[in-house]
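Below are the chains, spelled out letter by letter.
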Amino acid sequence: MIYIVEDDVSVRDAIARMFESLELSCAAFADGESFLSDASPRIDDTVFVDLHLPGLAGSDLIEKVAALDEAPQIVAISGQPLWKITRDLPKITTTPVVRKPLKEQDLLVYV
């Protein structure tokens with residue numbers, strides 16, 4: 001399962017449509033809170049997380065998901081400059097980051 005946590009509806013829908021067109025199962029969420037309450041990620045899953053979410057910050061969501069007993073693969077996505085990404089991910093530097101504008105091949109590397 002592929003999870004997408006992205007507040008921009010057009011980006012979220014585009015990513016979901018791309019994965020679905022490849023017959024990959026995915027679920028999309030507008031914020032971290034809805035993801036945490038409705039999703040059940042497992043070790044074989046991938047979670048794409050926008051770093052700049054409303055409410056629970058993307059970096060905080062990444063930390064929560066990474067702390068799960070059977071944590072899935074986590075990939076951060078961001079359109080911010082590299083210095084802001086580095087500032088937002090100080091504790092989780094091993095999390096790969098895909099920069100916006102997103103390209104299909106950049107996302108498919110992780111699924």
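Note: the structure precedes this text.
Scoring rules and cut-offs
- Residues numbered from 1 in each chain as written.
- Predicted model: local features only at pLDDT ≥ 70, side-chain atom pairs only at ≥ 80, totals over all residues.
- Heavy atoms only, no water.
- Helix = DSSP H or I, 4+ residues; strand = E, 2+ residues; numbered from the N terminus.
- Rg over C-alpha atoms; globule rule 2.2 N^0.38 Å.
- Buried < 20%, exposed > 50% of the residue type's maximum accessible area, 1.4 Å probe, protein only.
- Contact = heavy atoms within 4.5 Å.
- Areas by Shrake-Rupley, 256 points an atom, 1.4 Å probe, with all protein chains shown as cover.
- Lys, Arg positive; Asp, Glu negative; His and termini not counted.
- Charge placed at Lys NZ, Arg CZ, Asp CG, Glu CD.
- Arc of directions from axis to C-beta.
- Pairing = 2+ DSSP bridges.
- Right-handed = clockwise from strand over helix to strand, strands pointing away.

1. Points about the overall build of the protein
In step 1: Helix and strand counts for the protein stand at five helices and five strands.
In step 2: In sequence order, the secondary structure elements of the protein are arranged as β-α-β-α-β-α-β-α-β-α.
In step 3: The C-alpha radius of gyration computed for the protein amounts to 13 Å, which stays within 12% of the reference 13 Å derived for 111 residues, consistent with globular compactness.
In step 4: C-alpha atoms of the protein, sized along the principal axes, occupy 35 × 30 × 25 Å.
In step 5: By residue count, 41% of the 111 residues in the protein fall in the buried class.
In step 6: Pairs at least 24 residues apart make up 61% of the contacts formed inside the protein by residues separated by at least 6 positions.
In step 7: A total accessible area of about 6100 Å² is found for the protein, and carbon and sulfur atoms account for 50% of it.
In step 8: Once the 10 positive and 19 negative side-chain charges of the protein are each reduced to a mean point, those two points are 8 Å apart.

2. Comments concerning helix α3 (residues 58–66)
In step 1: Taken together, the buried positions of α3 are occupied by G58, S59, L61, I62 and V65. For α3, the buried positions fall inside an angular range of 160 degrees around the axis, keeping them on one side.

3. A closer look at the pairing of strand β1 (residues 2–5)
In step 1: Side chains of β1 alternate between two faces, with I2 and I4 and Y3 and V5 buried alike.
In step 2: Sheet topology note: the β1/strand β2 (residues 26–29) ladder contains four bridges and is parallel. Among the inter-strand pairings, Y3 is bridged to a residue of β2, identified as A27.
In step 3: Following the chain from β1 across helix α1 (residues 9–21) to the adjacent parallel β2, one finds a crossover that is right-handed.

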